[in-house]
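If you want the building blocks of each chain, they are given just below.
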Amino acid sequence: MLDQAQRLRQMASGSKERNVAKSSPKIITVTSGKGGVGKSNFVVNLALTLQKNGKKVLIFDADVGMGNDDVLLGFMPKYNVFDIIFNHKDIEDVIVTGPYGVKLLPGGSGITRVNEITNIQRNAFLDKLSKLEDLDYIIMDTGAGVNRSVLGFIACSDELVIIITPEPTSIMDAYSLIKAVVHFKIKSKAKVVINRTLDKKEGQATFDKFSGAVKTFLKIDVDYLGSISEDRKLIEAVRNQKPFVVANPNCEAAQDILKISNKILGIKTESTGNSVQGLFKRIFNIFS
């Protein structure tokens, strides 16, 4: 039923079998139940933060036909994934390099061409992707919602990260996505990031509400990676096409991304709590 999911699983396992001695990159799929929750912004800034920590990261803009990670990074790439699929370009010729050395495989904006991709072309592209070397992480930024493409990319990943906001519609759509993942037996666990929160308390409360429903009715484990504060610096970064971890590395959103990055890397950090200093920092971030 999920032929793409099966193919992607084969790609991931086949790559490991071909090169047992060399460690394979960890594949993280980042997705969301609905659009407009800041998923791509999270992917770009997380990748940059991991790269700053000495890891070699590739962003694959897997929202093929509707990708915008290149825009967030301030790129105007000459080629995109369609040039690999239709024009026989080598994947190395399409990948572009951004701040700190992070790499991007652009998804392109030719939405009408998505339906033209044959199984042979898709499989040839996946084979090229599987041969990429010298990477620690491949972060796949999928489209939003529940469809075969999104579920296929989830299937091939080592870790699934779902972006949610405190809005009820975002929570419900994320629940529907997890429900499909469970139905097709794609993953037994997922990680959650709550975006655009007023404070840490709202992030934790939103996660508790979501995880309570998921664990009760869907029987799947969900872990909390953390929350990202609503920050004026984030809005400015999008408009200026310069990621906020580059433009304003000390802003609250950047510090939130750093904590999430540390969790992914397994680095323990001390909790600062809701100190007076932290309170005034949030106030200054809102009005600066």
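Provided above is the structure to which this section pertains.
Read on for a plain summary of the structure. Remember, it's a predicted structure, so these values are computed and weren't measured experimentally. (Residues numbered from 1 in each chain as written. Predicted model: local features only at pLDDT ≥ 70, side-chain atom pairs only at ≥ 80, totals over all residues. Heavy atoms only, no water.)

## As for unusual backbone geometry
Excluding glycine, most residues fall at negative phi; most peptide bonds, likewise, are trans.
And then number 1: Here Lys185, not a glycine, exhibits a phi torsion of approximately 55°, which is positive.
And then number 2: Note that Lys185 resides in the loop between helix H8 (168-183) and strand S7 (189-197).
And then number 3: Judged by its relative accessible area of 73%, Lys185 falls in the exposed class.
And then number 4: With a phi angle near 55°, Lys219 is a residue other than glycine that sits in the positive phi range.
And then number 5: With respect to the element layout, Lys219 can be found in the loop between helix H9 (200-217) and strand S8 (221-229). (Helix = DSSP H or I, 4+ residues; strand = E, 2+ residues; numbered from the N terminus. Buried < 20%, exposed > 50% of the residue type's maximum accessible area, 1.4 Å probe, protein only.)

## A look at the side chain of Ser40
And then number 1: Along the chain, Ser40 turns up in helix H2 (residues 39-52).
And then number 2: A polar contact is formed between the side chain of Ser40 and the side chain of Asp69, at a distance of 3.3 Å.
And then number 3: Within the local environment of Ser40, its side chain forms a polar contact with the side chain of Asp141, the two groups lying 2.7 Å apart.
And then number 4: With residues up to four places along the chain from it excluded, the contact list for Ser40 reads Asn68, Asp69, Leu72 and Asp141. (Polar contact = N/O pair within 3.5 Å; in protein donor to acceptor, adjacent residues only side chain to side chain. Contact = heavy atoms within 4.5 Å.)

## Some points on the nonpolar core
And then number 1: One finds Val30, Phe42, Ile59, Ile139, Val161, Val193 and Phe244 to be the most contacted residues of the largest nonpolar core, which totals 34 residues.
And then number 2: Top contributing element to this core by residue count: H2, with 7 residues.
And then number 3: Beyond its immediate chain neighbours, meaning those up to four positions away, Val161 contacts Ile28, Thr29, Val30, Thr31, Phe42, Lys191, Val193 and Leu225.
And then number 4: Counting residues in each nonpolar core, the second largest holds 25 residues, with Ala155, Ile162, Ile171 and Leu177 among its members. (Core = buried A, V, L, I, M, F, W, Y, C linked by side-chain atoms within 4.5 Å.)

## Some details on H8
And then number 1: The first and last C-alpha atoms of H8 sit 22 Å apart over 16 residues, in line with the 22 Å expected at 1.5 Å per residue.
And then number 2: Three or more residues of H8 are buried, namely Ser170, Ile171, Ala174, Tyr175, Leu177, Ile178, Ala180 and Val181.
And then number 3: If you follow the buried residues of H8, they end up packed against strand S1 (26-31), helix H7 (148-155), strand S6 (159-164), S7 and H9.
And then number 4: Within two residues after H8, Lys185 carries a phi angle of roughly 55°, on the positive side. (Expected span 1.5 Å × (residues − 1).)

## Focus on the environment of Asp221
And then number 1: Counting through the fold element by element, Asp221 comes out in strand S8.
And then number 2: In this structure, Asp221 is in contact with Ser188, Lys189 and Ala190, ignoring residues within four places of it in sequence.

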